[in-house]
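Summary of the model geometry
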Amino acid sequence: MGALDEKAIAAGLSPGMPLADARAILPTLATAEWDRDADAAALRRLARWCGLFVTPWAAPCSTAEGQGAGPGGAGGLMLDVTGCAHLFSEREGEADDEAALLRALLERLRGLGFTARAGLAGTPGAAWALARFSSSSASPWTRLSPGGEVAALADLPPMALRLSPAEVEFAARLGLDRIGDLLRLPRATLAPRFGKGLLRRLTQALGEEDEPISPLDPISPHRVFQRFAEPLATAESLNAVLEALLPPLCRLLEKEGLGARRLLFSCARLDGRVLQLARGTSKPSRDPDDLARLFRDALPSLDPGFGVEVVSLSALISEPLAAEQLRLGVALSPDPGGHEKSATVFPSGLADRLAARLGAEAVTRLLPVESHIPERAARHRPLLRQSTKERRDKGAPTSGRLGAARPLRLLPRPETIEAMALLPDHPPVKFRWRRLLHHVARAEGPERITPEWWSRDPEEGEAPPRDYFRIEDRNGRRYWIYRAAGRWYLQGLFA
């Protein structure tokens, strides 16, 4: 048996007991299969909720408890609450900031259906030990002042150091029943007997070695959030909050000369679920109106449930954005508020709105590739995923000589045509394409393009060179055709 509820424990059952023995003690025992993947997913959702309700530095424990596979099926979370306690004292009306934070957190977890205990200390290792070995049902949270780790951990069992079962068993065989017994031994004798794992956990718990907490979600220095006394229950209210959070976020970016490239709007519901909506831009922007339009169509899809109590808006990706001077001749028209506002519509705003409505992968642009073969000389790249360097980079030179004309439209693949030329190296005088006969009025070429040596397939042999011609028929239509290995192909159409 992996986990038990309070009623089963009160009846005398314990985790790890065989199911047959448990049914003998409690015939009415109800069982369910343990889904560890579901437990791990639930812990990640809870960590994401804590990232909004308490602190963004939240993540499942690095031990087995982070996957919901701790002793008795317990799960654990690590929270870095530095600088967050005062937010809860103002809300709860208490003078003790840290106590208000712990009480508010455990009360909300109980409301979500979790039985939880908490430990607050100067190191993650000490907090982990206090939550599991110094708290109880009567006193569900324990707090430790900085510098008191040695005295607080001395009477706890070695298991409180997050040791492996083998290390705990070895310590018991040596008669080391408390952490204080380990502290009295010279450090030089611990590593040869236990390995570096025990010594590392001990120094981490005492604060002699740093143990950073890696947050579950990326942390942005440009983040604004808001709590509500009354939960928000409609999509219209969420849209109003988003529009209210955008100006202060843009001011934060403006102070550092940055613009947002990717925004994340997160909402914590009363049932513990976190709703997230991300949007990107094709170039850095800090215009609240333009950024609000990106979310407007998708916000109705968010289900507030019984209400949203906390929202946050983060600029996950930001890039330098210098102040731009208005171009001469741009007409300005006052808005209803009396402020002048440019009437210019930038194509990037249209691309951002299309990507928000159709998906980030639907709006692409062509980037040059180092290849002379026309069909391989460019690739599609999502517009919103380009870096600043890619937008500034003019790319590799295209095929052909400098300044050579290229058609605006290439066929998906070159199509075979029937052509007749007066001499082998001359352009055709007429050709048949898609069952229509075209008579050539003017022609220019040839322009020879040879495949790159590094792209040749050894099994297929060397690809033949191509001789390209720009031709115009008697109806004024212009085509881009080439000859390779004695056959003619049509590849592009000029405007």
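Check the entry above for the structure.
Residues numbered from 1 in each chain as written. Predicted model: local features only at pLDDT ≥ 70, side-chain atom pairs only at ≥ 80, totals over all residues. Heavy atoms only, no water.

1. Observations regarding the packing of helix H12 (residues 235-255) against helix H13 (residues 288-296)
Relative to each other, H12 and H13 sit at 140 degrees, their axes nearing to 9 Å. Judged on the interaxial angle alone, H13 and H12 are oblique. Read as a crossing pair, H12 and H13 show a hand that is right-handed. Across from Leu242, Glu243, Leu246, Pro247 and Cys250 in H12, the residues of H13 making contact are Pro288, Leu291, Ala292, Phe295 and Arg296. In the contact of H12 with H13, the residues fall into eight nonpolar, no polar and two charged. (Axes fitted to C-alpha atoms, helices over the stretch in contact; angles between N-to-C directions. Helix = DSSP H or I, 4+ residues; strand = E, 2+ residues; numbered from the N terminus. Parallel < 35°, antiparallel > 145°, perpendicular 65-115°, else oblique. Left-handed = near helix turned anticlockwise from the far one by under 90°. Contact = heavy atoms within 4.5 Å. Nonpolar A, V, L, I, M, F, W, Y, C, P; charged D, E, K, R; others polar.)

2. Some details on the sheet that holds strand S8 (residues 308-320)
Taken together, four strands build an open sheet; the order of strands is S5-S8-S6-S7 and the sheet is antiparallel. Every other strand in the sheet has two partners, leaving strand S5 (223-232) and strand S7 (274-285) as the edge strands with one partner each. Each neighbouring strand pair of the sheet contributes to a mean axis angle of 15 degrees, computed without reference to strand direction. Of the strand pairs in this sheet, strand S6 (residues 258-269) and S7 are connected by eight bridges, and their pairing is antiparallel. What sits directly across from Arg262, in S7, is Gly280. Relative to S7, H13 is tilted by about 135 degrees, and along the sheet it contacts S6 and S7. (Pairing = 2+ DSSP bridges.)

3. Overview of helix H8 (residues 165-173)
Here H8 has its buried residues at Glu167, Val168 and Ala171. Angular distribution of buried residues about the axis of H8 spans 100 degrees; they occupy a single face of the element. Away from its buried face by more than 90 degrees, H8 exposes Pro165, Ala166 and Arg173. Here the buried face of H8 lies against helix H10 (187-194) and helix H11 (196-205). Gly175 occupies a position one or two residues after H8 and carries a positive phi of about 80 degrees. (Buried < 20%, exposed > 50% of the residue type's maximum accessible area, 1.4 Å probe, protein only. Arc of directions from axis to C-beta.)

4. What to know about a nonpolar patch on the surface
Taken together, the side chains of Met420, Leu422, Leu423 and Val429 present a nonpolar region at the surface, about 370 Å² in accessible area. With respect to the secondary-structure elements, Met420 resides in strand S13 (residues 409-421). (Patch = residues over 30% accessible without salt bridge, like charges linked within 9 Å, V, L, I, M, F, W, Y side chains within 5 Å. Areas by Shrake-Rupley, 256 points an atom, 1.4 Å probe, with all protein chains shown as cover. Salt bridge = Lys/Arg side-chain N within 4 Å of Asp/Glu carboxyl O.)

5. Overview of the pairing of S7
Within S7, nine of the 12 residues are buried, which leaves the element mostly enclosed by the surrounding structure. Linking two consecutive strands that pair antiparallel, namely S6 and S7, is a turn of four residues; a positive phi of about 90 degrees is found at Gly272 within it.

6. Describing the sheet that holds strand S14 (residues 428-433)
Strand order in the closed barrel formed by six strands is S13-S14-S15-S16-S17-S18, with antiparallel pairing between adjacent strands. Each strand of the sheet is rotated relative to its neighbour by a mean of 45 degrees, with strand direction disregarded. Judged from the four bridges that link them, S14 and strand S15 (residues 436-449) form a sheet pairing that is antiparallel. Bridging across to S15, Trp433 finds its partner in Leu436.

7. Describing the environment of Gly197
For Gly197, the location among the structural elements is in helix H11. What makes Gly197 partly exposed here is its relative accessible area of 31%. Each C-alpha atom, one on Gly197 and one on Leu163, is 7.6 Å from the other, the two residues being 34 residues apart in sequence.

8. With respect to the packing of aromatic side chains
Under the defined criterion, the tally for this structure stands at 11 aromatic pairs. Ring geometry for Trp433 and Tyr479: centres 6.0 Å apart, planes at 75 degrees, overall edge-to-face. Remark: Tyr479 occurs in strand S17 (residues 478-484) and Trp433 occurs in strand S14; sequence separation between them is 46 residues. Taken individually, Trp433 and Tyr479 each receive the classification buried, so the pair is uniform in this respect. Each ring, one from Tyr468 and one from Tyr482, has its centre 4.8 Å from the other, and the planes form 40 degrees; the classification is tilted. A residue pair is termed long-range when its members are at least 10 positions apart, and Tyr468 in strand S16 (residues 466-473) and Tyr482 in strand S17 qualify at 14 residues. (Phe/Tyr/Trp six-rings, centres within 6.5 Å; stacked < 30°, edge-to-face > 60°.)

9. Comments concerning the nonpolar core
If you look at the biggest cluster of nonpolar residues, it comprises 30 residues, and the most contacted ones within it are Leu263, Phe265, Phe295, Val311 and Leu313. Elements with a contribution of two residues or more to this core: S5, H12, S6, S7, H13 and S8. For this core, the leading source of residues is H12, giving eight residues. Ignoring anything within four residues of it in the chain, the contact list for Phe295 reads Leu242, Leu263, Phe265, Leu277 and Arg279. (Core = buried A, V, L, I, M, F, W, Y, C linked by side-chain atoms within 4.5 Å.)

10. Re the pattern of salt bridges
Tallied over the entire structure, the rule returns 26 salt bridges. Its salt-bridge partner being Glu169, residue Arg173 comes within 3.8 Å of it at the nearest N-O pair. Placement of both Arg173 and Glu169 in helix H8 is noted, with a separation of four residues, approximately one turn of the helix. Measuring nitrogen to oxygen at the nearest pair gives 3.3 Å for the salt bridge that ties Arg296 to Glu243. Of this pair, Arg296 sits in helix H13 while Glu243 sits in helix H12, placing them 53 residues apart in sequence. When salt bridges that share partners are traced, they join Asp155, Arg178, Asp181 and Arg184 into one network.

11. Details of helix H3 (residues 36-53)
In this model, H3 (18 residues) spans 25 Å end to end at C-alpha, consistent with the 26 Å of a helix rising 1.5 Å per residue. Buried within H3 are the following residues: Ala40, Leu43, Leu46, Ala47, Trp49, Cys50, Gly51, Leu52 and Phe53. (Expected span 1.5 Å × (residues − 1).)

12. Considering the side chain of Thr281
Within the secondary structure layout, Thr281 lies in strand S7. In this structure Thr281 comes out as buried when scored by relative accessible area, which is 3%. Looking at Thr281, its side chain comes within polar contact range of the main-chain oxygen of Ala260, at 3.0 Å. (Polar contact = N/O pair within 3.5 Å; in protein donor to acceptor, adjacent residues only side chain to side chain.)

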